[in-house]
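# Observations on chain architecture
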Amino acid sequence: MLDRIRSLTDSGHADVVRLRRQIHRAPELAFEEHETAALIAQTLREIGLEPTTGVGKTGVVAHIEGAQPGPVRALRADIDALPIREANTFSFASQNEGKMHACGHDGHTAMLLGVARVLHALREDLAGTVRLVFQPSEEKAPGGAKIMIEEGVLDEMDGVGAPEAILGQHVVPHLDSGVIGVRGGAFMASADEIYLTVHGQGGHAAAPHLLVDPVMAQAHILTALQTVISRHRPPGVPSLLSFGRVEADGATNIVPDDVRLIGTFRSMDEDWRWEAHRLIRRVAEHTALALGATCEVEIVVGYPSLVNDERLASGVAALAREFLGAERVVEVPEWYAAEDFAWYTREVPGCFYVLGTGSDEADSRHGLHTPRFTLDEEAMRTGVGLMAALAMRGV
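Residues numbered from 1 in each chain as written. Predicted model: local features only at pLDDT ≥ 70, side-chain atom pairs only at ≥ 80, totals over all residues. Heavy atoms only, no water.

This brings us to the UniProt feature "domain: Peptidase M20 dimerisation" (unreviewed entry) in the chain. In the UniProt entry, the feature "domain: Peptidase M20 dimerisation" (unreviewed entry) is given for residues 195–287. Between the C-alpha atoms that bound residues 195–287 there is a distance of 16 Å. The span itself is 40% helix and 30% strand. (UniProt positions renumbered as here; feature names shortened; annotations may be inferred. Helix = DSSP H or I, 4+ residues; strand = E, 2+ residues; numbered from the N terminus.)

Right, here's the structure in full:
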């Protein structure tokens, strides 16, 4: 069976590359993926499937029913792009100004379409049913996964029972092309946005004794907030708090009235996550008050932490070793990026693994979410073949 999967994957690889480039050329942002969804639906119909469109606004769902009895399993790909101006100059670079597939979702989508073709060809040997989930808006909270779940993507749907498990994959440039990375248990972090506005009383910088300096207050707040991590976080619970933007609209001789800080809080532990929110508010507000200022704290709750089912992760790693060879399968460390696949894993057992796409020859080691990001398209053979094998084995 694995040899048949390899053969079908190889014969369909050129089409997967074509689809990836077509999607890459026309990136669409969260919940705007109308052309992408239409292409997905058209391709599924050409394969011989009957897709359901408009799930979770712009999502697409289809089923491959095997001839043999068995469970329902789900495979997921995300389809949205990012608001980034592409710096690549290849022929299929983004034609939509200021939008780019800089996180590999074009590859995820093309690979799942390739998996659909392989599984449809092998449906006489397929036990159970595979639900294909093409999900919008992974990049924008609250995430398309949450909305698709609310609309029943993990329930009985189109006469097909609820999935017992769900699998997903993500390309990463820091692993060599074609290498699979798996981790059981806590894998990816929760991600919450932190917005602080420090209010003081500005004026002439030559008369600081007459002012309430919000610039000085924000400096103390920024430093004090790190004690949330260094002095309140339970030992052994990974988390981080970082601020990437400070806005103080003053000048050399002008102290502004307000200063704004924007940052992110990430954690692998949900209980600590909510306690940290309380502490962030307390430290920011009280530090400001100690300096005569006030601080408004807004915390935008994002995706939860992503926890892979240990049994599923073990099964994915074992089949990957069998399919690819042990030298191409590694255990990866915790990853502090966030993923709305986490919403699925809170409802059913799930495993989210990574596919290396880094290659010097393909110039594909540029980071995710950067203007030069691209894939080594040869890695998509591995992505299609392994996911098809996982579905056929019922992992």
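Time to look at the sheet that holds strand E1 (residues 52–55). Judged by pairing direction, the sheet is mixed, and its 8 strands sit side by side in the order E1-E2-E4-E3-E5-E16-E6-E15 without closing on themselves. Among the strands making up the open sheet, the edge pair consists of E1 and strand E15 (329–331). In this sheet, neighbouring strand axes are inclined to one another by 30 degrees on average, regardless of whether the strands run parallel or antiparallel. Looking at chain direction, E1 and strand E2 (residues 59–65) are connected through 3 bridges and run antiparallel. Looking at E2, one finds that Thr53 is bridged to Val60. (Pairing = 2+ DSSP bridges. Axes fitted to C-alpha atoms, helices over the stretch in contact; angles between N-to-C directions.)

A word on the pattern of salt bridges. Inspection of every chain in the model, using the stated rule, returns 25 salt bridges. Linking Asp106 and Arg20 is a salt bridge whose minimum nitrogen-to-oxygen distance equals 2.9 Å. Placement of the pair is Asp106 in helix H3 (residues 105–121) and Arg20 in helix H1 (residues 2–25), with a sequence separation of 86 residues. Across this residue pair, the class does not change: Asp106 and Arg20 are buried. Across the salt bridge formed by Glu150 and Lys146, the nearest N and O atoms sit 3.0 Å from each other. (Salt bridge = Lys/Arg side-chain N within 4 Å of Asp/Glu carboxyl O. Buried < 20%, exposed > 50% of the residue type's maximum accessible area, 1.4 Å probe, protein only.)

Looking at the chain, the domain boundaries give domain 1 (1–189 + 305–393) and domain 2 (190–302). Using only C-alpha atoms to locate each centre, domain 1 and domain 2 end up separated by 38 Å. Every contact between the two is made by 12 residues of domain 1 and, on the other side, 10 residues of domain 2. Interface area lost by domain 1 to domain 2 is led by Ala189, Ser305 and Tyr336, which between them contribute 57%. Taken together, the connections running from domain 1 to domain 2 amount to 2 residue pairs in polar contact (both at pLDDT 80 or more). (Domains from an automatic or database assignment. Contact = heavy atoms within 4.5 Å. Buried area = accessible area lost by both parts, 1.4 Å probe. Polar contact = N/O pair within 3.5 Å; in protein donor to acceptor, adjacent residues only side chain to side chain.)

We now examine the packing of H1 against helix H2 (residues 34–47). Where H1 contacts H2, the axes come no closer than 10 Å and their chain directions differ by 160 degrees. Here H1 is positioned roughly antiparallel relative to H2, judged by the angle of their axes. Of the two elements, H1 crosses H2, and the hand of that crossing is right-handed. Contacts from Leu19, Gln22 and Ile23 of H1 reach H2 at Thr36, Leu39 and Thr43. Residue composition of the contact of H1 with H2, by class: 3 nonpolar, 3 polar and no charged. (Parallel < 35°, antiparallel > 145°, perpendicular 65-115°, else oblique. Left-handed = near helix turned anticlockwise from the far one by under 90°. Nonpolar A, V, L, I, M, F, W, Y, C, P; charged D, E, K, R; others polar.)

Let's shift gears to the packing of H1 against H3. In the contact formed by H1 and H3, the axes pass within 8 Å of each other and the chain directions differ by 145 degrees. Handedness of the crossing formed by H1 with H3: right-handed. Touching Ile5, Leu8, Thr9, Asp15, Val16, Leu19, Arg20, Ile23 and His24 of H1 are Asp106, Gly107, Thr109, Ala110, Met111, Leu113, Gly114, Arg117, Val118 and Ala121, all from H3.

Moving on, we get to the sheet that holds strand E10 (residues 239–247). Spatially, E10-E12-E8-E13 is the arrangement adopted by the 4 strands of the open sheet, whose pairing is antiparallel. On the outer flanks of this sheet lie E10 and strand E13 (294–300), each paired with one strand and no other. Neighbour-to-neighbour, the strand axes of this sheet turn through a mean angle of 20 degrees, independent of strand direction. In this structure, E10 lies alongside strand E12 (residues 258–267), joined through 8 bridges in antiparallel fashion. Pairing of Leu241 across the sheet is with Phe265, part of E12. Strand contacts of helix H5 (residues 214–232): strand E8 (190–199), E10, E12 and E13, with the helix running at about 170 degrees to E10, the strand carrying the most contacts. Here helix H6 (residues 270–290) sits on the sheet in contact with E8, E10, E12 and E13, set at roughly 160 degrees to E13.

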